[in-house]
Amino acid sequence: MAKESDLLLNLDGFITIQKKDDGLHTADFQCCEDVQMEPFKGNFRVQGMRDGNIYMDEKPKRKKNKPIFRQDNSSLSLGKDDVYYFTFRLPQEEVFRLAGTLVREADEVAKKIITMLD
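So, here is what we can say about the structure in this document. (Residues numbered from 1 in each chain as written. Predicted model: local features only at pLDDT ≥ 70, side-chain atom pairs only at ≥ 80, totals over all residues. Heavy atoms only, no water.)

Points about the pairing of strand S3 (residues 44-48)
Inference 1: Sheet topology places S3 next to strand S4 (residues 54-58); 5 bridges connect them, and they run antiparallel. Residue pairing in the sheet places arginine 45 in a bridge with aspartate 57 of S4.
Inference 2: Linking two consecutive strands that pair antiparallel, namely S3 and S4, is a turn of 5 residues; a positive phi of about 95° is found at glycine 52 within it. (Pairing = 2+ DSSP bridges. Helix = DSSP H or I, 4+ residues; strand = E, 2+ residues; numbered from the N terminus.)

Some words on unusual backbone geometry
Glycine aside, residues mostly have negative phi, and peptide bonds are mostly found in the trans state.
Inference 1: In the Ramachandran plot, aspartate 82 falls in the positive-phi region, its phi being about 60° despite a non-glycine side chain.
Inference 2: Turning to its location among the elements, aspartate 82 is positioned in the loop between strand S6 (74-78) and strand S7 (84-88).
Inference 3: Overall, aspartate 82 belongs to the exposed group, its relative accessible area being 64%. (Buried < 20%, exposed > 50% of the residue type's maximum accessible area, 1.4 Å probe, protein only.)

Looking at the side chain of asparagine 73
Inference 1: Assignment of secondary structure puts asparagine 73 in the loop between strand S5 (67-70) and S6.
Inference 2: Setting aside residues up to four positions removed in sequence, asparagine 73 forms contacts with Thr87, Phe88, Arg89, Leu90, Pro91, Arg97, Thr101 and Glu105. (Contact = heavy atoms within 4.5 Å.)

Some thoughts on the packing of aromatic side chains
Inference 1: In this structure the tally under the stated criterion is 1 aromatic pair.
Inference 2: For the pair phenylalanine 40 and phenylalanine 44, a centre-to-centre distance of 6.2 Å together with 55° between the ring planes defines the contact as tilted. (Phe/Tyr/Trp six-rings, centres within 6.5 Å; stacked < 30°, edge-to-face > 60°.)

Points about the environment of glycine 48
Inference 1: Looking at the secondary structure, you find glycine 48 in strand S3.
Inference 2: On the accessibility criterion, glycine 48 (58% relative accessible area) is exposed.

Encoded structure:
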């Protein structure tokens, strides 16, 4: 496997930039050289400049917090920033249950965390 410093490629080709009907942009690069490289896919920050230059930087992969406790509509996790996150979700058609379900599940999580810390 090549080192990161060995992964610099300068390629000649054509780029087609298009603004779609929904206002979003697409850019397709067609290489004009015979190149063998490892395919990749990722999320990128892309900046198109007035002079036609385009700069792309791959965003780091999102690190998901693993839940400590998971319930029907909620979960508790400890983030990489040492902050506890209580996440609650409820389908719109069940909004009439919101207050009771939220209080019940939050109370259950609080009791579990207190028991865990004792």
